[in-house]
Amino acid sequence: MTAFDDWRTRSPYYDETHDALAQSVRRFVEREIAPHIDRWEAEGELPRELHRKAAEAGILGLRYPEQYGGHSEGFDNFHSLVVTEELAAVGAGGLGASLMTHGIGLPPILALGSEELKQRVAPPVLAGEKIIALGITEAGGGSDVANLKTTAVREGDHYVVNGGKMFITSGMRADWLTCAVRTGGPGAAGISLLLIDMGAPGVERSRLDKMGWRCSDTAAIHFSDVRVPADNLIGPENGGFIGIMRNFNSERLGMAMGCCAYARVAMAEAAEWAKNRETFGRPLVGHQSIRIKLADMERQIEATQAWVDLCAWQVKEGKDRPADFAMLKVQATRMLEAVAREAAQILGGASYITGSKVERIYREVRVNAIGGGSEEIMLDLAGRQLFGGGKT
């Protein structure tokens, strides 16, 4: 079991169906992932076969429509949170980011795309046969999505795409890219979404080496006169910004849950170390200062998990608001940073040697705080939405 995961049995949001799913995913992780994760971290990517195995295990298709190869009947967004929790058990954030990259690449197509596009793309993705990624961020723009520069100019029955994307998760292995492009004037009103075949002439990609999330391949992508069929337009022309925005809330909720899960993994390793490591004639946990650290870690995790669950319930009931997801992401990433730091303090020198989960999780703190919207952008977004003083 994931350390301290009895918290679900004490929560009003989870029942026996969530526990059954947790046990199923846990067995998959123990069998198909845990024995290999260190090698995948060293190699810098996940094998494509893992996507097919995850699809067969029912992980990739969870909460996606049955007509496209998913299974949504009887599942809610708390089941998705359970999957996030269980995938975190190996202590490698790149696993969830890359294996579940369809979670940000596919929803815009299902929400805005034509039926033909949905039927063409969703089934092979949910079967693990194809990999889809999301291309929003650019080298010069970061979180300033409304000012992206990549252009798509209509020429007959094609768009011609020029520009580039940066920090794209699964960008090296992706077969398709749900890509934000500029088809109109400046600002959000000129943005569209296009599905780009990553094998098309004119697409070039370069692997980016990283401090963390090492088993997740990350790419810089360049487009040079790439011709994309007009049928690959996702939603109306110049109407892509809303598709991007509606994706962000679920991404931030998922990231916040991931922070809680990885914090629990780090705390579990620290607690186990404290029980077995002896200093000054007694176990480390016998020292008051260590017990205080562990209790404070648990306090921060429990408080953040409560907010994650509340936001998930608000989504389920249609009572959510974007400001909450922005603030939640900041809360969760700062909590993870604090917990990872204290876990490293407890492990001492062992936390600085490759091989512990704490060492890996600590390296991955920053990607959570920056990816999906930096702390500063998130807090300003929430401030503008709650208190005014700027454009929303």
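Use the structure listed above.
Everything numeric in this text was worked out from a predicted model, so none of it was measured. (Residues numbered from 1 in each chain as written. Predicted model: local features only at pLDDT ≥ 70, side-chain atom pairs only at ≥ 80, totals over all residues. Heavy atoms only, no water.)

Trainee: Looking at this model, I keep getting lost on helix H4 (residues 77-87). Mind explaining?
Mentor: One turn of an α-helix holds 3.6 residues; hence residues three or four places apart share an orientation. With respect to burial, H4 is a largely interior element, nine of its eleven residues being buried. Residues of H4 that are buried make contact with helix H1 (16-33), helix H5 (93-99), helix H9 (241-276) and helix H10 (288-316). Put simply, Asp-76 is the residue that caps the front of H4, since its side-chain oxygen is 2.9 Å from the backbone nitrogen of Phe-78. (Buried < 20%, exposed > 50% of the residue type's maximum accessible area, 1.4 Å probe, protein only. Helix = DSSP H or I, 4+ residues; strand = E, 2+ residues; numbered from the N terminus. Contact = heavy atoms within 4.5 Å. Polar contact = N/O pair within 3.5 Å; in protein donor to acceptor, adjacent residues only side chain to side chain.)

Trainee: Can you help me understand the packing of H1 against H4 in this one?
Mentor: To characterise two packed helices, one gives the angle between the axes of the helices and the distance between these axes. Packing of H1 against H4 brings their axes to within 9 Å, and their N-to-C directions diverge by 30 degrees. Regarding the angle of H1 to H4, the classification is roughly parallel. Both H1 and H4 take part in a crossing whose hand is right-handed. Residues Thr-17, His-18, Leu-21, Ala-22, Val-25, Arg-26, Val-29 and Ile-33 of H1 form the contact with H4, whose own contacting residues are Phe-78, His-79, Val-82, Val-83, Glu-86 and Leu-87. Class assignment of the residues belonging to the contact of H1 with H4 gives a composition of nine nonpolar, three polar and two charged. (Axes fitted to C-alpha atoms, helices over the stretch in contact; angles between N-to-C directions. Parallel < 35°, antiparallel > 145°, perpendicular 65-115°, else oblique. Left-handed = near helix turned anticlockwise from the far one by under 90°. Nonpolar A, V, L, I, M, F, W, Y, C, P; charged D, E, K, R; others polar.)

Trainee: I would appreciate a short explanation of the pairing of strand S7 (residues 218-229) in the present structure.
Mentor: Both strand S3 (residues 158-169) and S7 contribute to a ladder of nine bridges, which runs antiparallel. Looking at S7, one finds that Thr-169 is bridged to Thr-218. (Pairing = 2+ DSSP bridges.)

Trainee: Would you mind going over unusual backbone geometry with me for this structure?
Mentor: Most peptide bonds take the trans form, and the phi angle of most residues other than glycine is negative. Within the chain, Ser-170 stands out as a residue other than glycine whose phi angle is a positive 65 degrees. Position of Ser-170 relative to the elements: it lies in the loop between S3 and strand S4 (176-182). Taking the relative accessible area as the measure of exposure, Ser-170 reaches 0% and is therefore buried. One non-glycine residue, Trp-213, adopts positive backbone phi at about 50 degrees. One can find Trp-213 in the loop between strand S6 (203-207) and S7. Judged by its relative accessible area of 16%, Trp-213 falls in the buried class.

Trainee: What is the right way to read the environment of Leu-46 from this model?
Mentor: Considering the arrangement of structural elements, one finds Leu-46 in the loop between helix H2 (37-43) and helix H3 (48-56). Through-space distance from the C-alpha of Leu-46 to that of Ala-180 is 25 Å; in sequence the pair is 134 residues apart. If we skip the residues at most four places from it in the chain, Leu-46 touches Trp-40, Leu-95, Ser-98, Leu-99, Arg-173 and Cys-215.

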